[in-house]
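# Structural description and commentary
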Amino acid sequence: MSQIRAITINDVQYNVAQASAVEQKKIMLHIGAKIAFNSATTDTHVIDSTMIFGLLMSLPESTFDEISNVVLRKAFIAGTDTQVTLANFQGSMTSYFKLVAEAIVFNLGDYFTWLDSENAARRAQVKGGKV
């Protein structure tokens, strides 16, 4: 049974269902290493939708489309039966990318929490001179 999260972007609320484990694995294999590298080599202390938004901008269009199709497969404008599609964002691509980023965080939050913890431990060792 999938979980559902309400995500608000620019005063519009969307209800987004979490992807299946198989689909989450697919997302993780597409962007997990890139997120790990970027978070480890920058001053990122918490991987959040802002970081993911930036990462999305560096993906090939086909990879972005595959990820967005997975994370928004069961996404609806709250209070309606209107399924979210790219067409809903004509003239508002930033909102679309923000929604995709938030949906990725919803689906891979456990991975991001783990990476944040690992990065914090590594930084503490470096700061303490125990490299």
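Treat the numbers as computed from the prediction; the structure is a model and nothing was measured.

Reading guide: rules and limits
- Residues numbered from 1 in each chain as written.
- Predicted model: local features only at pLDDT ≥ 70, side-chain atom pairs only at ≥ 80, totals over all residues.
- Heavy atoms only, no water.
- Helix = DSSP H or I, 4+ residues; strand = E, 2+ residues; numbered from the N terminus.
- Contact = heavy atoms within 4.5 Å.
- Areas by Shrake-Rupley, 256 points an atom, 1.4 Å probe, with all protein chains shown as cover.
- Lys, Arg positive; Asp, Glu negative; His and termini not counted.
- Charge placed at Lys NZ, Arg CZ, Asp CG, Glu CD.
- 1 Å grid on protein atoms, 1.4 Å probe; cavity = no way out; pocket = protein on both sides within 12 Å on 5 of 7 lines; lining within 4 Å.
- Points joined across faces, edges and corners; volume = space filled by probe spheres on them.
- pLDDT = per-residue confidence, 0-100.
- Pairing = 2+ DSSP bridges.

In terms of helices and strands, the protein carries four helices and three strands. Sequence separation of 24 or more characterises 68% of the internal contacts of the protein that already satisfy a separation of 6 or more. Within the structure as shown, the protein displays about 7700 Å² of accessible surface, and the carbon and sulfur contribution to it stands at 55%. Charged side chains in the protein number 11 positive and 12 negative. The centres of these two groups are separated by 8 Å.

It is worth spelling out the layout of surface pockets at this point. One number sums up the size of the largest pocket: a volume of about 220 Å³. What lines the largest pocket is a set of 14 residues, and nearest its centre among them are S68, N69, T85, L86 and Y96. Taken together, the elements giving at least two residues each to the lining of the largest pocket come down to α3 (61-71) and α4 (93-127). When residues of the lining of the largest pocket are assigned to their parent elements, the largest contribution, five residues, is made by α3.

It is a probe the size of a water molecule, rolled over the atoms, that shows where empty space is left. Enumeration over the complete set of coordinates arrives at one cavity of 30 Å³ or more. Each pocket or cavity is described by its volume, and for the largest cavity that value is around 40 Å³. Lining the largest cavity, in full, are A17, Q18, A19, E23, V70, R73 and K74.

Another point: the confidence of the model for the protein. Per-residue confidence for the protein gives a mean pLDDT of 93; residues scoring 70 or more make up 95%. When the elements of the protein are averaged for pLDDT, α4 gives the smallest value, 92, and strand β1 (residues 4-9) the largest, 98.

Our focus in this paragraph is the pairing of strand β2 (residues 12-17). Across six bridges, β1 lies against β2 in antiparallel orientation. Each residue of the ladder has a partner; that of R5, found in β2, is V16. From the end of β1 to the start of β2, which pair antiparallel, there are two residues, and N10 there has a positive phi angle of about 50°. As defined by bridge partners, β2 adjoins strand β3 (residues 75-77) across three bridges and the pair is classed as antiparallel. Counted as the bridge partner of Y14 is I77 from β3.

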